[in-house]
Amino acid sequence: QVQLVESGGGLVQAGGSLRLSCAASGRTFSNYPMGWFRQAPGKEREFVVAISGSGGNTYYVNSVRGRFTISRDNAKNTVYLQMNSLKPEDTAVYYCAADRTARWNYERQRQRSEYEYWGQGTQVTVSS
């Protein structure tokens, strides 16, 4: 059973930065793509960014490209999300997710159904 534990959320002013972490356990971490999703109050959970198992491929939603950076440390079984220039519209619960397969596909990575395991989420609040 794969377990994902997020950390690093909090309250920050607009323009500030946060770094989220997601620690994984339960299978060979480096084989699988990982993703970050977010869910704002009253909205559907939406894709933010994904990274391939090796870290060589990434895919960002347009609204965060240039501000957010995903990375992973396979030796530590951890994926990170560095969030800079935060905006109030970035306020949401952020979830990390582990792909159900070891294959990377740009179109599938943004789909919730591609991911089999989810963390419990960490709240990010950006004040204006």
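Refer to the structure printed above.
Procedures and definitions
Residues numbered from 1 in each chain as written. Predicted model: local features only at pLDDT ≥ 70, side-chain atom pairs only at ≥ 80, totals over all residues. Heavy atoms only, no water. Helix = DSSP H or I, 4+ residues; strand = E, 2+ residues; numbered from the N terminus. Buried < 20%, exposed > 50% of the residue type's maximum accessible area, 1.4 Å probe, protein only. Polar contact = N/O pair within 3.5 Å; in protein donor to acceptor, adjacent residues only side chain to side chain. Contact = heavy atoms within 4.5 Å. Pairing = 2+ DSSP bridges. Phe/Tyr/Trp six-rings, centres within 6.5 Å; stacked < 30°, edge-to-face > 60°. Lys NZ or Arg CZ within 6 Å of the ring centre and 35° of its normal. Disulfide = S-S within 2.5 Å.

A. Representation of the side chain of Thr101. Along the polypeptide, Thr101 turns up in the loop between β9 (92–99) and α1 (106–109). According to the relative accessible area criterion, Thr101 is buried, its value standing at 17%. For Thr101, the side chain forms a polar contact with the main-chain nitrogen of Arg103, separated by 3.2 Å. Excluding residues within four positions of it along the chain, Thr101 makes contact with Tyr32, Pro33 and Glu114.

B. Quick look at the pairing of strand β8 (residues 78–83). In terms of burial, β8 is largely enclosed, as five of its six residues are buried. Bridge count between strand β7 (residues 68–73) and β8: six bridges; the pairing is antiparallel. Across the sheet, the residue bridging to Ser71 is Tyr80, located in β8.

C. Layout of the packing of aromatic side chains. What the rule picks out here adds up to seven aromatic pairs. Residues Phe37 and Tyr115 carry aromatic rings whose centres are separated by 5.2 Å and whose planes lie at 80° to one another, so their mutual orientation is edge-to-face. In this pair, Phe37 is assigned in strand β4 (residues 34–39) and Tyr115 in strand β10 (residues 115–118), connecting sequence segments 78 residues apart. Taken as a pair, Phe37 and Tyr115 share a single burial class, namely buried. On the basis of an interplanar angle of 80° and a centroid distance of 5.3 Å, the ring pair of Trp104 and Tyr106 is categorised as edge-to-face. Taking the relative accessible area as the measure of exposure, Tyr106 reaches 40% and is therefore partly exposed. One aromatic cluster is present, built from ring pairs that chain together Phe37, Phe47, Tyr59, Trp104, Tyr106, Tyr115 and Trp118. Directly above the ring of Tyr95 sits Arg45, whose terminal nitrogen or CZ lies 3.6 Å from the centroid.

D. Local environment of the state of the cysteines. Evaluated as defined, the whole model comprises one disulfide. Across the disulfide from Cys22 sits Cys96; the S-S distance is 1.9 Å. Between Cys22 and Cys96 the disulfide shows an S-S torsion of about 45°. By sign, it is right-handed. Of the two residues, Cys22 is situated in strand β3 (residues 18–25) and Cys96 in strand β9; the sequence distance between them amounts to 74 residues. The residues Cys22 and Cys96 share a single accessibility class, namely buried.

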